[in-house]
Amino acid sequence: MKDLTINHISFTSKNNPIKPFVLQTKDGELHFQEIDYSKKLAKKKLKEIGSFFLDNFAYTSSHPYWKYCQKNNSEFDKETYDIYVKELVDSYKTTFKNPDTTVLLGRNNKNELCAALYTLPLNLSKVIKNNKTLYVDSLAVNEQYRNNHVSKQLLEKVLNSFGNRFQNSFLIAYNEVVPFYLKQGYMVIDKASLNDDFVKSIKELRIDYPQYCTLMAKNLDVLG
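Asker: I'd like a description of the overall build of the chain, backed by residues and values.
Answerer: Counting its regular elements, the chain contains five helices and nine strands. Secondary structure elements of the chain, listed N to C terminal, follow the sequence β-β-β-α-α-β-β-β-α-β-α-β-α-β. Computed over C-alpha atoms, the radius of gyration of the chain comes to 17 Å, within 12% of the 17 Å expected from 2.2 N^0.38 for 224 residues, which places it in the range of a compact globule. Projected onto its principal axes, the C-alpha positions of the chain cover 50 × 45 × 35 Å.

What follows is the structure, encoded as structure tokens:
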């Protein structure tokens, strides 16, 4: 892993700067850097990020909804796909302004987006809100670059960048990737420990809960 010097990138508006870096993989280098938070991202750039996450997630979960977002599926529905991306873009316009948000993008030597991680303070609803908890919203790696420990290294990089700013990390994982997060120190949250309002809020946010996804958390105190 080595640092890249990119002088035009500004981290002044963020609380957890991560310097640009390179990950070596068996398929070539991936160059990582945060988005430039000092500038308003163009809609095209926001769509690129949203589409990248969607293109990866649509093939991860077995929830029947995703077949409408799989471009190589006979049931692919472009209108459904575009609506989902638009909703992501609209949310990014607000959440990317949070000084504790991290958007870390990895590109190959052709400048193609191949990996991305998006985290922010937990603020999903009035019930699901805790400024001491870091929410891992999205983590995806292009299929070509998997099995290179890229996801693991990205997660570690971001969690370590916050120091002691957060006490816990929370995420909602597709059931298919639960084993990965268990290896990263996350634990499945016992449903019996959740109050009814919390469960209700999760169900309102996620049509795939609880059948297709799992709530997980990690104590970040051990990182200190």
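Back to the write-up after that little detour.
Asker: Go over the packing of helix 1 (residues 43-57) against helix 2 (residues 78-95) with me, naming the residues and quoting the values.
Answerer: It is the contact of helix 1 with helix 2, at a shortest axis distance of 9 Å, that shows an interaxial angle of 125°. Of the possible angle classes, the one that applies to helix 1 and helix 2 is oblique. For the pair helix 1 and helix 2, the sense of crossing is right-handed. Counted together, Leu46, Lys47, Ile49, Gly50, Ser51, Phe53, Leu54 and Asp55 of helix 1 and Tyr81, Tyr84, Val85, Leu88, Val89, Tyr92 and Lys93 of helix 2 form the full contact between these two elements. The residue inventory of the contact of helix 1 with helix 2, partitioned by class, reads ten nonpolar, two polar and three charged.

Asker: Summarise the side chain of Thr102; cite the residues concerned and give the values.
Answerer: Mapped onto the elements, Thr102 comes out in strand 4 (residues 102-107). Contact partners of Thr102, with chain neighbours within four places excluded, come to Asn16, Ile18, Glu34, Tyr37, Leu117, Tyr118, Thr119, Val158 and Phe162.

Asker: Run through the confidence of the model for the chain, naming residues and quoting values.
Answerer: Averaged over all residues, the pLDDT of the chain is 90; the fraction at 70 or higher stands at 92%. Note on residues 1-13: pLDDT is under 50 here. Beyond four places in sequence and across chains, it has 33 contacts.

Asker: Quick one: what's the story with unusual backbone geometry, residue by residue and with numbers?
Answerer: A cis amide bond links Tyr209 to the next residue, Pro210, at an omega of 5°. Following the sequence through the fold, Pro210 ends up in the loop between helix 5 (196-205) and strand 9 (213-219). A positive phi is found at Asn147, a non-glycine position, where the angle reads about 65°. Within the fold, Asn147 resides in the loop between strand 6 (129-141) and helix 3 (150-161).

Asker: Which residues make up the state of the cysteines, and what values do they have?
Answerer: Evaluated as defined, the whole model comprises zero disulfides. In this structure Cys69 is a free cysteine whose sulfur lies 16 Å from that of Cys213, the closest cysteine sulfur available. Residue class for Cys69 comes out buried when judged on its relative accessible area of 0%.

Asker: Break down the pairing of strand 2 (residues 21-25) for me, with residues and values.
Answerer: Most of strand 2 sits inside the fold, with four of its five residues counted as buried. Relative to strand 3 (residues 28-34), strand 2 runs antiparallel, the two sharing five bridges. Bridging from a neighbouring strand, Phe21 pairs with Phe32 of strand 3.

Asker: Can you tell me about the nonpolar core, naming the residues and giving the values?
Answerer: If you look at the biggest cluster of nonpolar residues, it comprises 38 residues, and the most contacted ones within it are Phe53, Phe170 and Leu215. Of all the elements in the fold, those that place two or more residues in this core are helix 1, helix 2, strand 4, strand 5 (113-123), strand 6, strand 7 (168-174), helix 5 and strand 9. Per-element accounting of this core gives the leading share, six residues, to helix 1. Apart from the residues lying within four places of it in its own chain, the contact partners of Phe170 are Leu122, Leu124, Thr133, Leu134, Tyr135, Val136, Ile189, Phe198, Ile202, Leu215, Met216 and Ala217. Core analysis: the second largest hydrophobic core is formed by 28 residues, Leu23, Leu134, Leu155 and Met216 among them.

Asker: Just give me the short version of the pairing of strand 6, but keep the residues and values in it.
Answerer: Across nine bridges, strand 5 lies against strand 6 in antiparallel orientation. Its bridge partner lying in strand 6, Ala116 is registered against Ala140. Linking two consecutive strands that pair antiparallel, namely strand 5 and strand 6, is a turn of five residues. Relative to strand 7, strand 6 runs parallel, the two being bridged by three bridges. By the bridge assignment for strand 7, Leu134 is matched with Ser169. Where the polypeptide runs from strand 6 across helix 3 and back to strand 7, its parallel neighbour, the crossover connection is right-handed.

Cut-off values and rules
- Residues numbered from 1 in each chain as written.
- Predicted model: local features only at pLDDT ≥ 70, side-chain atom pairs only at ≥ 80, totals over all residues.
- Heavy atoms only, no water.
- Helix = DSSP H or I, 4+ residues; strand = E, 2+ residues; numbered from the N terminus.
- Rg over C-alpha atoms; globule rule 2.2 N^0.38 Å.
- Axes fitted to C-alpha atoms, helices over the stretch in contact; angles between N-to-C directions.
- Parallel < 35°, antiparallel > 145°, perpendicular 65-115°, else oblique.
- Left-handed = near helix turned anticlockwise from the far one by under 90°.
- Contact = heavy atoms within 4.5 Å.
- Nonpolar A, V, L, I, M, F, W, Y, C, P; charged D, E, K, R; others polar.
- pLDDT = per-residue confidence, 0-100.
- Disulfide = S-S within 2.5 Å.
- Buried < 20%, exposed > 50% of the residue type's maximum accessible area, 1.4 Å probe, protein only.
- Pairing = 2+ DSSP bridges.
- Core = buried A, V, L, I, M, F, W, Y, C linked by side-chain atoms within 4.5 Å.
- Right-handed = clockwise from strand over helix to strand, strands pointing away.

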